[in-house]
Amino acid sequence: MRKIAVLTSGGDAPGMNACIRAIVLTAEHFGIQVIGYKHGFNGLIDQEYLPLKSRNVANIIQRGGTILRSARCLTFKTDDAAKVAAKNLNALGIEALLIIGGDGSFRGASHLSKYWQGQVIGLPGTIDNDIFGTDATIGYFTAIETALDSIDKVRDTADAFERIFLVEVMGRHAGFIGLNAALASASDQVLVPELCTDFETEVDNIVNHLKAAMNKRGNCSYIIVTAENLWPGGVTYLAQVLHEKTKLECRPVILGHVQRGGSPVSQDRILATKLGAYAVEQAIEGKTNIMVGEQNNTLLAQPIEVSWQQRKPLDPYLVKIQQDFFDITKHAEHGIESIN
Ligand code: F6P
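All of these numbers come straight from a predicted model, not from anything done at the bench. (Residues numbered from 1 in each chain as written. Predicted model: local features only at pLDDT ≥ 70, side-chain atom pairs only at ≥ 80, totals over all residues. Heavy atoms only, no water.)

1. Things to note about the nonpolar core
Looking at soluble globular proteins, one finds that nonpolar side chains tend to be buried together.
Now for step 1: Within the largest apolar cluster, 60 residues are counted, with the highest numbers of intra-cluster contacts made by I4, I23, L98 and L123.
Now for step 2: When residues of this core are sorted by domain, at least three fall in each of domain 1 (3–139 + 264–309) and domain 2 (142–260 + 315–333).
Now for step 3: Aside from chain neighbours lying at most four places away, what touches L98 is I4, A5, V6, L7, I23, I121, L123, A279 and V280.
Now for step 4: A5, F41, W116 and V120 belong to the second largest nonpolar core, which has 24 residues in total. (Core = buried A, V, L, I, M, F, W, Y, C linked by side-chain atoms within 4.5 Å. Buried < 20%, exposed > 50% of the residue type's maximum accessible area, 1.4 Å probe, protein only. Domains from an automatic or database assignment. Contact = heavy atoms within 4.5 Å.)

2. Notes on the site of the ligand
Now for step 1: Near the ligand, the surroundings consist of R72, T126, I127, D128, M170, G171, R172, E228, H257 and R260.
Now for step 2: Here an oxygen atom of the ligand sits 2.9 Å away from a polar atom, N or O, in the side chain of R72.
Now for step 3: R260 places a side-chain nitrogen or oxygen 2.8 Å from an oxygen atom of the ligand.
Now for step 4: Contact with the protein chains covers 73% of the free accessible surface of the ligand, which is 400 Å².
Now for step 5: Taken together, the residues of the shell around the ligand break down into two nonpolar, three polar and five charged.
Now for step 6: Counting contributing residues per domain, the shell around the ligand is built from domain 1 (3–139 + 264–309) and domain 2 (142–260 + 315–333), each supplying no fewer than three. (Near = heavy atom within 4 Å. Polar contact = N/O pair within 3.5 Å; in protein donor to acceptor, adjacent residues only side chain to side chain. Areas by Shrake-Rupley, 256 points an atom, 1.4 Å probe, with all protein chains shown as cover. Nonpolar A, V, L, I, M, F, W, Y, C, P; charged D, E, K, R; others polar.)

3. Things to note about the domain arrangement of the protein chain
Now for step 1: For the protein chain, the assigned domains are domain 1 (3–139 + 264–309) and domain 2 (142–260 + 315–333).
Now for step 2: For domain 1 versus domain 2, the distance between C-alpha centres works out to 35 Å.
Now for step 3: Counting residues at the interface gives 13 residues for domain 1 and eleven residues for domain 2.
Now for step 4: Where domain 1 abuts domain 2, roughly 1,000 Å² becomes buried across the two surfaces, and 48% of that area is made up of carbon and sulfur atoms.
Now for step 5: Where domain 1 packs against domain 2, one counts four salt bridges. (Buried area = accessible area lost by both parts, 1.4 Å probe. Salt bridge = Lys/Arg side-chain N within 4 Å of Asp/Glu carboxyl O.)

4. Considering the pairing of strand β6 (residues 164–169)
Now for step 1: β6 sits mainly inside the fold: six of its six residues count as buried.
Now for step 2: Along β6, one buried face is formed by I164, L166 and E168 and the opposite face, lined by F165, V167 and V169, is buried too.
Now for step 3: Where β6 and strand β8 (residues 222–227) come together, six bridges link them in parallel fashion. In the strand pairing of β8, V167 is matched with V225.
Now for step 4: Pairing analysis gives five bridges linking β6 to strand β9 (residues 250–254), with the strands arranged parallel. Bridged to F165 within β9 is R251. (Helix = DSSP H or I, 4+ residues; strand = E, 2+ residues; numbered from the N terminus. Pairing = 2+ DSSP bridges.)

5. Quick look at the sheet that holds β9
Now for step 1: Taken together, four strands build an open sheet; the order of strands is β7-β8-β6-β9 and the sheet is parallel. Edge positions in the open sheet fall to β7 (189–191) and β9, since each of these has one partner strand only. Neighbour to neighbour, the strand axes of the sheet diverge by 20° on average, direction disregarded. (Axes fitted to C-alpha atoms, helices over the stretch in contact; angles between N-to-C directions.)

6. Regarding the side chain of S113
Now for step 1: Within the secondary structure, S113 is located in the loop between α4 (103–112) and β5 (119–124).
Now for step 2: A distance of 2.6 Å separates a polar atom in the side chain of S113 from the backbone oxygen of S110.
Now for step 3: When sequence neighbours within four positions are dropped, the list of residues in contact with S113 reads V120 and N289.

7. Concerning the pattern of salt bridges
Now for step 1: For the structure shown, the criterion picks out 15 salt bridges.
Now for step 2: Between D103 and R172 there is a salt bridge, and its shortest N-O distance comes to 2.9 Å. On the criterion of sequence distance, the pair formed by D103 in helix α4 and R172 in the loop between β6 and α6 (176–184) is long-range, its members being 69 residues apart.
Now for step 3: Owing to a relative accessible area of 13%, D103 belongs among the buried residues under this scheme.
Now for step 4: E249 is paired through a salt bridge with R251; the nearest N and O atoms lie 3.5 Å apart.
Now for step 5: The exposure class of E249 is partly exposed, given its relative accessible area of 37%.

Pasting the structure below:
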């Protein structure tokens, strides 16, 4: 193998740069040249690329974003776009294309492989962690830390005013960031797509839970972490409805794209580094149409379509802890005497 290429596509995620670095250094180790395409799949169509050598990836492991830039390329769904990309890849003598991104990007890779004989390999990079076949995706751990840091700060002011705060986190249609950030921040409620019913039922549940929590703790702050895309109007609408029903002060906070930025935490850097090196090894072995991932501390390659054909479940034990064990409104009063 003499030449491979890499691109980053879809929502950027902290650790993408660490992954590019690992690909370049591992390829160089094996005497393979690396081409970096810019702006996701657009770079394949527009021939926007640059050679990547070790000096180009020095001092990037700690940087968020992606030095290759990213994009969502809707035109890549067409046959014509994939044919142009195939022609351009062949013209450059690329033997394998490594795609760092989410399931939309992997579908793009799979589409390309209908028209291109080279190898395609997906590396899971998205803050959402919504990719089946890997325990975690590159960027996910940093996004939890970022959300957590913000919720901790919201908690300070919520406590000071004994207010209700509703914090909306990202995750597209998955609740991984929401559940983990809620548990780690000791939030009172979590609303994520995997656990939510309809809006009216959720509102009733929150109102009842809020009353029970206040009976137990007295006036207190109360934090609800919600995933994005649950219903039109998101947390802003929910805060308004809760205020109307309870007359309590309810403040919405949307964390938004801040969760996509920042220096990757060590877990993301290490995952990105392992997956980048492993993807190059898989390319050398001639593998194609695969996604590399890590499960139970073991690196593995699976058919790329597995990543979107199955829905990754939330950890049921985390759900049980958050919703059952730690729900103080369900705790019995034991009448333990004070030790003082
Ligand atoms: O997939 C990552 C993600 O940040 C999602 O959590 C979010 O729904 C989406 O991208 C936002 O996309 P955009 O940056 O295109 O608005």
